[in-house]
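Survey of secondary and tertiary structure
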Amino acid sequence: MEANKGKGEQGMQIPGGQMDRPVSFHFMESMLPKVVKRRVHALKRLQVQCAHIEAKFYEEVHELERKYAALYQPMFEKRRDVVTGTVEPTDAECEWHSDREEEEELAEQVKEKASIEDAKKEEAKPEEDPKGIPEFWLTIFKSVDMLSDMLQEHDEAILKHLKDIQVKFSEPGQPMSFTLEFHFEPNGYFNNAVLTKVYKMKSEPDATEPFSFEGPEIIDCEGCQIDWHKGKDVTVKTIKKKQKHKGRGTVRTVTKQVPNDSFFNFFNPIKASPEGEMDEDSEFTLATDFEIGHFFRERIVPRAVLYFTGEALEDDESKEQPQPAECKQQ
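Reading the values: the criteria
Residues numbered from 1 in each chain as written. Predicted model: local features only at pLDDT ≥ 70, side-chain atom pairs only at ≥ 80, totals over all residues. Heavy atoms only, no water. Helix = DSSP H or I, 4+ residues; strand = E, 2+ residues; numbered from the N terminus. Buried < 20%, exposed > 50% of the residue type's maximum accessible area, 1.4 Å probe, protein only. Contact = heavy atoms within 4.5 Å. Areas by Shrake-Rupley, 256 points an atom, 1.4 Å probe, with all protein chains shown as cover. 1 Å grid on protein atoms, 1.4 Å probe; cavity = no way out; pocket = protein on both sides within 12 Å on 5 of 7 lines; lining within 4 Å. Points joined across faces, edges and corners; volume = space filled by probe spheres on them. pLDDT = per-residue confidence, 0-100. Core = buried A, V, L, I, M, F, W, Y, C linked by side-chain atoms within 4.5 Å. Pairing = 2+ DSSP bridges. Salt bridge = Lys/Arg side-chain N within 4 Å of Asp/Glu carboxyl O.

In terms of regular secondary structure, the protein chain is built from eleven helices and six strands. Burial status across the protein chain gives 29% buried among its 330 residues. Look at the contacts in the protein chain between residues 6 or more apart in sequence, and 61% of them connect residues 24 or more apart. Surface summary for the protein chain: the accessible area is close to 23,500 Å², and the carbon and sulfur share equals 52%.

Moving on, we come to the layout of surface pockets. Quantified by volume, the largest pocket comes out at close to 1,700 Å³. Considering the residues around the largest pocket, the lining is formed by 44 residues, among which Phe76, Arg79, Pro302, Arg303 and Val305 are closest to the centre. Among the secondary structure elements, those contributing two or more residues to the lining of the largest pocket are helix H2 (34–84), helix H3 (91–94), helix H4 (101–114), strand E1 (162–169), helix H9 (280–300) and helix H10 (304–309). A per-element tally of the lining of the largest pocket places H2 first, with 14 residues.

Attention now moves to the confidence of the model for the protein chain. Overall, the prediction assigns the protein chain a mean pLDDT of 82, with 77% of residues at 70 or greater. Predicted confidence is poor over residues 1–21, with pLDDT under 50, and the contacts of this stretch with residues over four places away or in other chains come to 37 contacts. Contacts of residues 322–330 to residues separated by more than four positions or lying in other chains number two contacts, the stretch itself having pLDDT below 50.

Okay, the nonpolar core next. Among the nonpolar cores identified, the biggest contains 47 residues, and Phe141, Phe182, Phe263, Phe264 and Phe296 are the most heavily contacted of them. Per-element accounting of this core gives the leading share, six residues, to H9. Ignoring anything within four residues of it in the chain, the contact list for Phe182 reads Phe141, Leu162, Asp164, Ile165, Ala193, Val194, Leu195, Phe263, Phe266, Phe267 and Phe296.

Here we come to the environment of Arg80. Tracing the chain through its elements places Arg80 in helix H2. Taking the C-alpha atoms as reference, Arg80 lies 8.9 Å from Ile165; in sequence the two are 85 residues apart. Those residues in contact with Arg80 that sit more than four places away from it in its chain are Lys163, Asp164 and Gln166.

Next up on the list: the pairing of E1. Burial analysis of E1 places six of its eight residues in the buried class, which makes it a mostly covered element. Bridge count between E1 and strand E2 (residues 177–184): seven bridges; the pairing is antiparallel. Looking at E2, one finds that Lys168 is bridged to Thr179.

Oppositely charged side chains can form a pair if their charged atoms are brought close together. Under the counting rule described, the total for this entry stands at 14 salt bridges. A salt bridge links Glu171 to Arg66, with the shortest nitrogen-to-oxygen separation between them at 3.6 Å. On the criterion of sequence distance, the pair formed by Glu171 in the loop between E1 and E2 and Arg66 in helix H2 is long-range, its members being 105 residues apart. The residue Lys271 makes a salt bridge to Asp220 at a minimum N-O spacing of 3.3 Å.

Right, here's the structure in full:
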């Protein structure tokens, strides 16, 4: 189940065609005989009741997600340990049949032949054995367009210290939400061991637009304070500007800090307005943030190794390809 269904998908497809001009439906309803319109109103009341039942359904789905997250956790912890080099998987755990096995074997043979001479030259040097899977999460960030768009060159050195990303669901009885936890090894950039981003959700029909309900939606998010080491905050940059004194004509150099593009601005998001009044740029930024949070939860964290290898990227691209017309028949 997709937990964040945007309202932008409303009305894209309806039985019998596209809802290009919603006003036509209001016109059609106004043309109905009064007695029929009365019955239509009764059906709409039933539809609202269905929406509230659907909301309860999604609340139970959230509880199921929380339950199964606990079952996934041991596998995710083992993944973290392998990535960081804390444990070395056994030969049995490393057995894997790939459809590309023959191609990989052929490529390996070619590489072996090409490196014979180099190997002879390197015999005297100790063989380097990388720890775990180097730059695992950074590779994912650089491979996924949605994440690489936020990534700056000065972020990369920091993300090399990222050990794990986890998703935590809100407990029973608490308002629906999920938290992204970014776990870092000790580094020279900040003191935090974990950076968090909480996404608050709503799973109930809107009182003014009950028919727009399509499931839980993210309504707000909250980041965390990063305890940067002195001079290491990549979310700001220092600029120097010359100022001329109006009276004396002397010139002085003023130093000030201004915002800087960085992935780590992700932890200092725009706040949703309680009144819903935001300018267009802020609305777009917030909507993009919600989309990224949802993508981390639904795709990146559960399928991290497939984004590292690129297989999930191929899968995502194939889903985006338009299907043949005959496959679109309802």
